[in-house]
Amino acid sequence: MIGLIFLNPLLGAAVGAAAGAASGALADVGINDKFMKELAAAMNPGSSALFVLVRKATPDKVLAELQGSGGKVLKTSLSHDDEAKLQAALSAAKT
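Remember, it's a predicted structure, so these values are computed and weren't measured experimentally. (Residues numbered from 1 in each chain as written. Predicted model: local features only at pLDDT ≥ 70, side-chain atom pairs only at ≥ 80, totals over all residues. Heavy atoms only, no water.)

A. Focus on the overall build of the chain. Secondary structure summary: the chain contains five helices and zero strands in total. Ordered by position from the N terminus, the helices and strands of the chain form the series α-α-α-α-α. In the chain, buried positions account for 7% of the 95 residues. Considering only contacts in the chain between residues 6 or more positions apart, those separated by 24 or more positions represent 30%. If you sum the accessible surface of the chain, you get close to 7,900 Å²; carbon and sulfur atoms cover 62% of it. (Helix = DSSP H or I, 4+ residues; strand = E, 2+ residues; numbered from the N terminus. Buried < 20%, exposed > 50% of the residue type's maximum accessible area, 1.4 Å probe, protein only. Contact = heavy atoms within 4.5 Å. Areas by Shrake-Rupley, 256 points an atom, 1.4 Å probe, with all protein chains shown as cover.)

Structure follows, in structure tokens:
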């Protein structure tokens, strides 16, 4: 907008279009939107889902925080052993 008002209108439009394209390309980094929509459509009324995207974590602290919160792991990029530990922590009784 500023480019259109104060600078060359074509330059302002080009900069705005480039910024919009860059932000659009970076907006969908993480959990697949299609997966979230399909899961939402398949859920029963009154139920909920939690999507968690973690880039860096201390696994023992994460497991301690999630312990006993219930739920089922549906999709993960963890190894089979780590996924089993996560599911066990979710299913464990809270101490």
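There is more to say, and it comes next.
B. A look at a nonpolar patch on the surface. Where nonpolar side chains cluster on the molecular surface, the patch consists of Leu50, Val52 and Val54 and spans about 320 Å² of accessible area. Classification of Val52 as exposed rests on a relative accessible area of 55%. (Patch = residues over 30% accessible without salt bridge, like charges linked within 9 Å, V, L, I, M, F, W, Y side chains within 5 Å. Salt bridge = Lys/Arg side-chain N within 4 Å of Asp/Glu carboxyl O.)

C. The arrangement of the confidence of the model for the chain in detail. With 67% of its residues at a pLDDT of 70 or more, the chain has an overall mean of 76. No element of the chain has a lower mean pLDDT than helix α1 (residues 2-6), at 50, and none a higher one than helix α5 (residues 80-91), at 90. (pLDDT = per-residue confidence, 0-100.)

D. Spatial organisation of the environment of Leu39. Tracing the chain through its elements places Leu39 in helix α3 (residues 33-42). Each C-alpha atom of the pair Leu39 and Leu74 lies 9.8 Å from the other, and the pair is 35 residues apart in sequence. Discounting chain neighbours no more than four positions away, the residues touching Leu39 are Ala49, Phe51 and Leu74.

E. Molecular detail of the packing of aromatic side chains. In this structure the tally under the stated criterion is one aromatic pair. Between Phe35 and Phe51 the ring centres are 6.1 Å apart and the planes differ by 90 degrees, which places this aromatic pair in the edge-to-face class. Linking Phe35 in helix α3 with Phe51 in the loop between α3 and α4 (59-66), this pair joins segments that are 16 residues apart in sequence. For Phe35, a relative accessible area of 23% translates into the label partly exposed. (Phe/Tyr/Trp six-rings, centres within 6.5 Å; stacked < 30°, edge-to-face > 60°.)

F. Structural view of α5. Taking 1.5 Å per residue, twelve residues should reach 16 Å; α5 reaches 16 Å between its end C-alpha atoms and fits that length. All buried positions along α5 are accounted for by Leu86, Ala89 and Leu90. Here the buried residues of α5 occupy an arc of 100 degrees about the axis, which is enough to place them on one side. Opposite the packed face of α5, turned more than 90 degrees from it, sit the exposed residues His80, Asp81 and Ser91. Elements in contact with the buried residues of α5: α4. (Expected span 1.5 Å × (residues − 1). Arc of directions from axis to C-beta.)

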